[in-house]
Amino acid sequence: MVKLTLRSAAIAVTVAAVSLSLAACGSSGPAGSAGNADSATMWGLTGGNQPVLQKSIDAWNKAHPDESVKLDFFANDAYKTKVRTAVGAGQGPTFIYGWGGGVLKSYVDASQVADLSQFIKDNPDVQSRYLPSVLKNGVIDGKTYALPNNNVQPVVLYFNKDVFDKIGAQAPKTWDELMALVPKFKAAGIAPFSLGGQSKWPDLMWLEYLVERIGGPDVFANIAANKPGAWSDPAVKEALTKIQELVDAGGFVNGFSSIAADSNADQALLYTGKAAMILQGGWIYQSMKKDAADFVKNGKLGYTAFPTVSGGKGDPANVVGNPSNFWSISSKATDSQKKAALDYVKSGMFTDADTQALIDSGAVPVTTGIESKLAASPDKDFLSYVYGMAKNAPNFTLSWDQALSPAQGDAMLANLDQIFLKKITPDQFVSTMNATIGK
Amino acid sequence: MSTSTGSSRRVLEKGPSGWLAAPALVFFLLFAIIPLFGVLFLSFTRWDGLGEIKLDGLSSWTTVLTDPVTGNALWVTAKIMFFSFIVQAPISLLLGVFTSASQKYRAALAVLYFVPLLLSSAAVAIAYKALLDPNFGLGPGLGMPFLAQDWLGNSDLVLFVVVFVIAWQFVPFHTLIYQGGVRQIPASLYEAAQIDGAGRVQQFFSITLPQLKYTIITSSTLMVVGSLAYFDLVFVLTGGGPGYSTRLLPLQMYLTGFKANDMGAASALGVILVVIGLALALILQRLGGKNRNASQLEGA
C-alpha cells in the first residue's frame, strides 16, 4: 500500500505540476459578461488613455442605453496575450484594440475582423476626420480593417533641461554630438541615457531610428516584405555596431537591463535627474505630466528629434513609432453587436469632448482640424511639436515589433536584448534574423 | 482491526471501494490526461492560435530540437533545479527540525517563517523586483552601495537571485513538511539514545535523518519536479531575461506559444516538459530503495 500510494501520489503531483504550468497559459474568456448578453464588448488598455476612453463610453452608454458597450481594461502585455487567445477561441470582444501591422494581418488572414471598407464609403465623415497618413495603417490589401482610435505616438528623444544646463550642453543634433555628450555626463555623475531594457521594446526604438537614419525607410520596408536576406542590409549592421559602441561607452544607465518600462521606472530616472535623456514613445509625456507635474509644467522637459548620422540616407524628418492605436470589429460578433459598434464608431468616437479630453491628457488626437484646440492647451509646445512631426514626416514607420509577424517580432526583441548585453555580435544578429524571414 | 463478520473483513482486505476515487479520476482525466493528448496532437501541427490547425508532421519537433534556445532553456532549468535543491533542502530540513520542538519561542518563530507561504508568487516577484532595483531599490534607499548591484540585469548574477527568491518563497512549505515528519518520530527513540549517551548531533544523524527518509523523498520530489514548473515567479521577476539567462523551459514554452504564437512548437516543448517531469519523479521514487515496505518504526 505504502509503495503504491507514494508512487501514485508522486505521479499525481508531477502531472498536476506539469498541467498547472500548462494551465497557466490557457486563459479564460471575457471576464464576466454581466448585463445584456448581446451588448457589444470592448477591451481597452490601462494607462494614459484609460480615463479618456472610459469617459467616451460612459457618455455613449448614457445617450444610447439600447446600444450600450461594455468596457473592460487590461494591462498592455497581458492584453496582447489574452485577446489573441480569446479571439482564437471565439470568445473575443466586439471591439479589438490593436496596433495595425503584422498582428492585424494575422487577424485578417484568419477572417476574425470585419472589412470596414463599405462602412467608410457610406460614411465619408468618418474617413475625413482622420489624418490620411494614420488611416492607411488600418488598410491591408486595399481594404480597411481597422480605424484609428486615439493619438499619434511618435518616438521622441526627451531630455532633462536642468542637467543639460548643469554641464552646459545642448541637445545632440548628430550621432557624433550624442557620443561626445556621454563622457561629459558620466563625469558629472549622471547617466547619459535611461532605458527600460527589461521590457525589451524600448531597446528596439534605438535600432529603428538608427536604421532609419542610416539606411532610410526602404531597409525596413524590405524586411517587412519578407525579402530573403533583408536583414543583411549594411545599415542594420552599422546600427547594431553603433548601439554596442554606445553600450561600451557607458551610454545607458547602470542596470538598464533590469529596468522595466511598464512600471515607468525609466521615465522616473529622467525627471529625477539621474539620467539626462531617454528615447521613448510620445505616450510617456502623458504619464510624466501626471507623475512629475512640476517638472513638466516648469518647462524642464525638453524634446527633440533623433539625431542624424553622418553619411546616412534617411530623411531627418522621418519618424518611427505608433501612428495610433486602432479599433477592429470582430467578424464573429452578432449583428446587433456589430451595429452598436459601428454606430459608436460613427457618432460616439472623437466627439468634441473626446478630442478635448485627449488633448487635456497631453496627447495629440489623430483627427484633422485640431490646430486651434492644440494651441489653446497648456501643453501646446509639446502637442504642436508632435502634431507637426507626425504631419510633416515624409515617412512614418510603424514600430517593428508590431509591423512584423509575432514570431519574427519575438525573435527580434530577444536577439536585440542580446546585442545590448553584448552576448552576440551584429553578424550573429543578422544571420539569426535572416532565418526568421517568412515565418 | 479484527471484526467478527466475514463480509466486512473481505472489504478491508480489498481496500475501500474503487468508486471513492471516481470523482478525482474524472477531474484528472478531464484536466490532465485529455489536455496531455491534446498537446501531443498539437505538437504535430502548425497553428498560430487564430486560424486553422494544420497537420504539419514533425516540423515543430525539428524546429524545437534544432533551436539553440531550447537547449539553453533546458540547461537553465537544470541549473535552477540543482541550485534550488542544494539551497532549499538543508535549510528546510534544519528549520523543520528546529520548529518541531515544543518550546513557545520556536512556535512563534515558526509562524514568522511561514509568512512567505501566504503570499502569491506574483506578489513576491513584484516586491523583489522593486527591492532589487539598482536605482530606486533597497540599496540606494538605505544608502548601501553593495546592495545596489544590478541584481536582475547582470547575466551572471540573475540566476542566483532567482534561486534565492524561489528559496525564500518555498522553504517555508518544505519546512512544514519536515516539521510534521519530525513530530512523528517516537520520543522513545531519543530517550533510548540519551540513555546510551548519544549527543544532540549524533541523535540527529542516527535517529532524525534515517527516520525522515520518506519525508526527504517526498520533499525532494516536490522540489525537483516543482522546479520544472517555476513560471509565474520568474516570468514576473525577470521575464526570462536578461537575454536568455533565466528563460526556463516552461517560460520558453509560454513565450513560444503566446508571444511568438507558434502553438505547434510550444506543444512540443510541453511534451518534453511532461516527459522530463515523469522521468524525474520515477527516478526519485526508485531512490527510496527496494524495501520501501519495511517499517520505519522497526525497533521502536
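Thresholds applied
- Residues numbered from 1 in each chain as written.
- Chains lettered and ligands numbered in written order.
- Predicted model: local features only at pLDDT ≥ 70, side-chain atom pairs only at ≥ 80, totals over all residues.
- Heavy atoms only, no water.
- Phe/Tyr/Trp six-rings, centres within 6.5 Å; stacked < 30°, edge-to-face > 60°.
- Helix = DSSP H or I, 4+ residues; strand = E, 2+ residues; numbered from the N terminus.
- Buried < 20%, exposed > 50% of the residue type's maximum accessible area, 1.4 Å probe, protein only.
- Lys NZ or Arg CZ within 6 Å of the ring centre and 35° of its normal.
- Contact = heavy atoms within 4.5 Å.
- Buried area = accessible area lost by both parts, 1.4 Å probe.
- Salt bridge = Lys/Arg side-chain N within 4 Å of Asp/Glu carboxyl O.
- Polar contact = N/O pair within 3.5 Å; in protein donor to acceptor, adjacent residues only side chain to side chain.
- Nonpolar A, V, L, I, M, F, W, Y, C, P; charged D, E, K, R; others polar.
- Axes fitted to C-alpha atoms, helices over the stretch in contact; angles between N-to-C directions.
- Parallel < 35°, antiparallel > 145°, perpendicular 65-115°, else oblique.
- Left-handed = near helix turned anticlockwise from the far one by under 90°.
- 1 Å grid on protein atoms, 1.4 Å probe; cavity = no way out; pocket = protein on both sides within 12 Å on 5 of 7 lines; lining within 4 Å.
- Points joined across faces, edges and corners; volume = space filled by probe spheres on them.
- Core = buried A, V, L, I, M, F, W, Y, C linked by side-chain atoms within 4.5 Å.
- Pairing = 2+ DSSP bridges.
- Right-handed = clockwise from strand over helix to strand, strands pointing away.
- pLDDT = per-residue confidence, 0-100.

1. Observations regarding the packing of aromatic side chains
Then comes step 1: Applying the stated criterion across every chain yields a total of 44 aromatic pairs over all chains.
Then comes step 2: Plain terms: the ring middles of Phe220 of chain A and Trp400 of chain A are 4.4 Å apart, the flat faces sit at 5° to each other, and that makes the pair stacked. Of the two residues, Phe220 of chain A sits in helix 11 (residues 218-224) while Trp400 of chain A sits in helix 20 (residues 400-403), which places them 180 residues apart along the sequence.
Then comes step 3: Exposure remark for Phe220 of chain A: the relative accessible area of 6% places this residue in the buried category.
Then comes step 4: Where Phe204 of chain B meets Phe205 of chain B, the ring centres are 5.1 Å apart and the plane angle is 80°; that geometry is what we call edge-to-face.
Then comes step 5: One aromatic cluster is present, formed by Trp43, Trp60, Phe74, Tyr79, Phe95, Tyr97, Trp99, Trp327 and Tyr344 of chain A through successive ring pairs.
Then comes step 6: Directly above the aromatic system of Trp99 of chain A lies the positively charged group of Lys80 of chain A, at a separation of 4.6 Å from the ring centroid.

2. Observations concerning the side chain of Ser287 of chain A
Then comes step 1: Within the element layout of this structure, Ser287 of chain A appears in helix 14 (residues 284-291).
Then comes step 2: In this structure Ser287 of chain A comes out as buried when scored by relative accessible area, which is 15%.

3. Description of the interface of chain A and chain B
Then comes step 1: Across the boundary between the two partners, chain A contributes 48 residues, which contact 49 residues of chain B.
Then comes step 2: Overall, the association of chain A and chain B removes approximately 4200 Å² of surface from exposure, summing both partners, and the carbon and sulfur fraction of that is 63%.
Then comes step 3: Counting across the chain A and chain B interface gives 1 salt bridge.
Then comes step 4: The closest approach of N and O atoms between Asp48 of chain B and Arg84 of chain A, which form a salt bridge, is 3.7 Å.
Then comes step 5: There are 10 residue pairs in polar contact (both at pLDDT 80 or more) connecting chain A and chain B.
Then comes step 6: Of all elements in the fold, only helix 1 (2-23), helix 3 (76-88), helix 4 (101-109), helix 13 (265-271) and helix 21 (406-420) of chain A reach the threshold of two or more residues within the side of chain A that touches chain B.
Then comes step 7: By residue number, the principal contributor to the side of chain A that touches chain B is helix 1 of chain A, which donates 14 residues.
Then comes step 8: Class assignment for the residues of the side of chain A that touches chain B results in 24 nonpolar, 16 polar and 8 charged.

4. Observations regarding the packing of helix 9 (residues 175-187) of chain A against helix 12 (residues 234-248) of chain A
All names here are of chain A.
Then comes step 1: Across the interface, helix 9 lies against helix 12 with an axial gap of 10 Å and an inter-helix angle of 20°. In terms of their interaxial angle, helix 9 and helix 12 are classed as roughly parallel. Between helix 9 and helix 12 the crossing geometry is right-handed. Of the residues in helix 12, those in contact with Trp175, Leu178, Met179 and Val182 of helix 9 are Lys242, Glu245 and Leu246.
Then comes step 2: Each residue belonging to the contact of helix 9 with helix 12 can be placed in one class, and the counts come to 5 nonpolar, no polar and 2 charged.

5. Notes on the packing of helix 13 (residues 249-258) of chain B against helix 14 (residues 263-286) of chain B
What describes two packed helices is the angle between their axes and the distance between those same axes.
Residue and element names in this part refer to chain B.
Then comes step 1: Close contact between helix 13 and helix 14 brings their axes to 7 Å; oriented N to C, the two are set at 160°. The angle between the axes of helix 13 and helix 14 places the two elements in the roughly antiparallel class. Crossing of helix 13 against helix 14: the hand is left-handed. Contact residues: helix 13 offers Leu249, Pro250, Gln252, Met253, Thr256, Gly257 and Phe258, while helix 14 offers Met263, Ala265, Ala266, Leu269, Gly270, Ile272, Leu273 and Ile276.
Then comes step 2: Looking at side-chain class alone, the contact of helix 13 with helix 14 contains 11 nonpolar, 4 polar and no charged residues.

6. Quick notes on empty space enclosed by the protein
Residues and elements named next belong to chain A.
Then comes step 1: Going through the model one piece at a time under the given rule, you end up with 3 cavities of 30 Å³ or more.
Then comes step 2: The wall of the largest cavity is formed by Asn151, Val152, Gln153, Pro154, Gly282, Trp283, Gln286, Gly362, Ala363, Val364, Phe382 and Val386.
Then comes step 3: Secondary-structure elements contributing two or more residues to the lining of the largest cavity are strand 7 (153-160) and helix 19 (380-392).
Then comes step 4: Across the lining of the largest cavity, the residue classes tally to 7 nonpolar, 5 polar and no charged.

7. As for the nonpolar core
Then comes step 1: Formed by 141 residues in total, the largest nonpolar core has its most connected members in Phe95, Tyr158, Trp206, Leu207, Trp231 and Phe429 of chain A.
Then comes step 2: No other element matches the 9 residues that helix 10 (residues 201-215) of chain A contributes to this core.
Then comes step 3: Of all hydrophobic cores here, the second largest spans 28 residues; its members include Val76, Val124, Trp151 and Val162 of chain B.

8. Here's the deal with the pairing of strand 1 (residues 40-45) of chain A
Residues and elements named next belong to chain A.
Then comes step 1: Within strand 1, 6 of the 6 residues are buried, which leaves the element mostly enclosed by the surrounding structure.
Then comes step 2: In strand 1, alternate side chains face the same way, and those of Ala40, Met42 and Gly44 on one face and Thr41, Trp43 and Leu45 on the other are all buried.
Then comes step 3: As judged from the 6 bridges shared by strand 1 and strand 2 (residues 69-74), these two strands associate in the parallel manner. When the bridges of strand 2 are listed, Leu45 appears paired with Phe74.
Then comes step 4: Taken together, strand 1, helix 2 (residues 50-63) and strand 2 constitute a β-α-β crossover, and its handedness is right-handed.

9. Some details on helix 14 of chain A
Then comes step 1: Buried within helix 14 of chain A we find Ile284, Tyr285, Gln286, Ser287 and Met288 of chain A.
Then comes step 2: Those residues of helix 14 of chain A that are buried lie in contact with strand 7, helix 13, strand 9 (275-281), helix 15 (293-297), strand 10 (301-304) and helix 19 of chain A.

10. Here's the deal with the side chain of Gln286 of chain A
Residue and element names in this part refer to chain A.
Then comes step 1: One can find Gln286 in helix 14.
Then comes step 2: One polar contact links Gln286 to Ser361, side chain to side chain, over a distance of 2.9 Å.
Then comes step 3: The residues touching Gln286, leaving out its near neighbours within four places in the chain, are Gly48, Asn49, Asn151, Ser361, Gly362 and Ala363.

11. Regarding the confidence of the model for chain B
All names here are of chain B.
Then comes step 1: Summing up the model confidence of chain B, the mean pLDDT is 86 and the portion of residues at 70 or higher is 91%.
Then comes step 2: Considering only residues more than four positions removed or in separate chains, one finds that residues 1-6, a stretch of pLDDT under 50, has 4 contacts.
Then comes step 3: Across the interfaces of the predicted complex, the ipTM metric reaches 0.79, alongside a pTM of 0.83.

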